[in-house]
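Here are the chains, one letter per residue:
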Amino acid sequence: MNDAAEHFAALCREEAGLLAALSQTLEDEQRALLGRDAQALLALSERKAAQLAALAAPSRARADAMRAAGLGDAARLHAWLAGRPDALAAWEALELALARARALNAHNGGLLGQRLDQVEEALTVLKSAAAATVSYHRDGSQGAVLSGGRHLGSA
């Protein structure tokens, strides 16, 4: 393998390793979402942000190396990788790591959306219940019931 291919493979392996760590964080985030652990989610969001920031430089370096080698499109990249099995293996590992991180992130986004829907529904119920309670005026006299026309026990 030549220097360019070795450098490319090393960059792919570095990026794949960082993505594997990010995937672990996303799995932890998933457990925290399912367990409704807000404290863990806060810590995980900070860890995830740091991991994403750490991914930026190796990803940019790999993209720059690809551009410098004239590998701007998939066809050229695959043709170049065909004769470089170590670089091909590193690239495929990177693609798998990226696919896994994306899938975990999408799943967590769906879980988060479900949790937000549940919170909004609960808030709606609580607001309705609060509006339906008996009210009192400043002078202490009882105000009108703000909902339904039935009296308690008339059902």
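What comes next is a walk through the structure. Being a predicted model, the structure only gives us computed values, none of them experimental.

What counts, and where the lines are drawn
- Residues numbered from 1 in each chain as written.
- Predicted model: local features only at pLDDT ≥ 70, side-chain atom pairs only at ≥ 80, totals over all residues.
- Heavy atoms only, no water.
- Patch = residues over 30% accessible without salt bridge, like charges linked within 9 Å, V, L, I, M, F, W, Y side chains within 5 Å.
- Areas by Shrake-Rupley, 256 points an atom, 1.4 Å probe, with all protein chains shown as cover.
- Salt bridge = Lys/Arg side-chain N within 4 Å of Asp/Glu carboxyl O.
- Helix = DSSP H or I, 4+ residues; strand = E, 2+ residues; numbered from the N terminus.
- Core = buried A, V, L, I, M, F, W, Y, C linked by side-chain atoms within 4.5 Å.
- Buried < 20%, exposed > 50% of the residue type's maximum accessible area, 1.4 Å probe, protein only.
- Contact = heavy atoms within 4.5 Å.
- Phe/Tyr/Trp six-rings, centres within 6.5 Å; stacked < 30°, edge-to-face > 60°.
- Axes fitted to C-alpha atoms, helices over the stretch in contact; angles between N-to-C directions.
- Parallel < 35°, antiparallel > 145°, perpendicular 65-115°, else oblique.
- Left-handed = near helix turned anticlockwise from the far one by under 90°.
- Nonpolar A, V, L, I, M, F, W, Y, C, P; charged D, E, K, R; others polar.

1. Overview of a nonpolar patch on the surface
Where nonpolar side chains cluster on the molecular surface, the patch consists of Val119, Leu123 and Leu126 and spans about 280 Å² of accessible area. Structurally, the position occupied by valine 119 is in helix H4 (residues 85–131).

2. Concerning the nonpolar core
Within the largest apolar cluster, 21 residues are counted, with the highest numbers of intra-cluster contacts made by Phe8, Leu19, Leu77, Trp80, Leu81, Ala87 and Trp91. Contributions of two or more residues to this core are made by helix H1 (3–35), helix H2 (38–68), helix H3 (74–82) and H4. Looking at this core, the element that brings in the most residues is H1, giving eight residues. Excluding residues within four positions of it along the chain, tryptophan 80 makes contact with Ala4, Ala5, Phe8, Leu71 and Ala87.

3. Digging into the packing of aromatic side chains
Using the criterion set out here, one finds two aromatic pairs in the structure. Look at phenylalanine 8 and tryptophan 80: their rings are 5.4 Å apart centre to centre, the planes differ by 90°, and that puts the pair in the edge-to-face class. Residue phenylalanine 8 is located in helix H1, and its partner tryptophan 80 is located in helix H3; the two are separated by 72 residues in the primary sequence. Just as phenylalanine 8 is buried, tryptophan 80 falls in that class too. Grouped by ring-pair contacts, the aromatic residues Phe8, Trp80 and Trp91 constitute a single cluster.

4. Re the packing of H1 against H3
The geometry of H1 relative to H3 is characterised by a closest axis approach of 12 Å and an angle of 110° between their N-to-C directions. On the basis of the axis angle, H1 is roughly perpendicular to H3. The two elements H1 and H3 meet at a crossing, and its hand is left-handed. Within the contact between the two elements, H1 uses Ala4, Ala5 and Phe8 and H3 uses Leu77, Trp80 and Leu81. Broken down by class, the residue content of the contact of H1 with H3 amounts to six nonpolar, no polar and no charged.

5. Overview of the environment of leucine 18
Looking at where leucine 18 falls in the secondary structure, it is placed in helix H1. Among the residues examined, leucine 18 registers a relative accessible area of 27% and is labelled partly exposed. As a C-alpha pair, leucine 18 and proline 58 span 40 residues in sequence and 9.2 Å in three-dimensional space. With residues up to four places along the chain from it excluded, the contact list for leucine 18 reads Ala54, Leu55 and Pro58.

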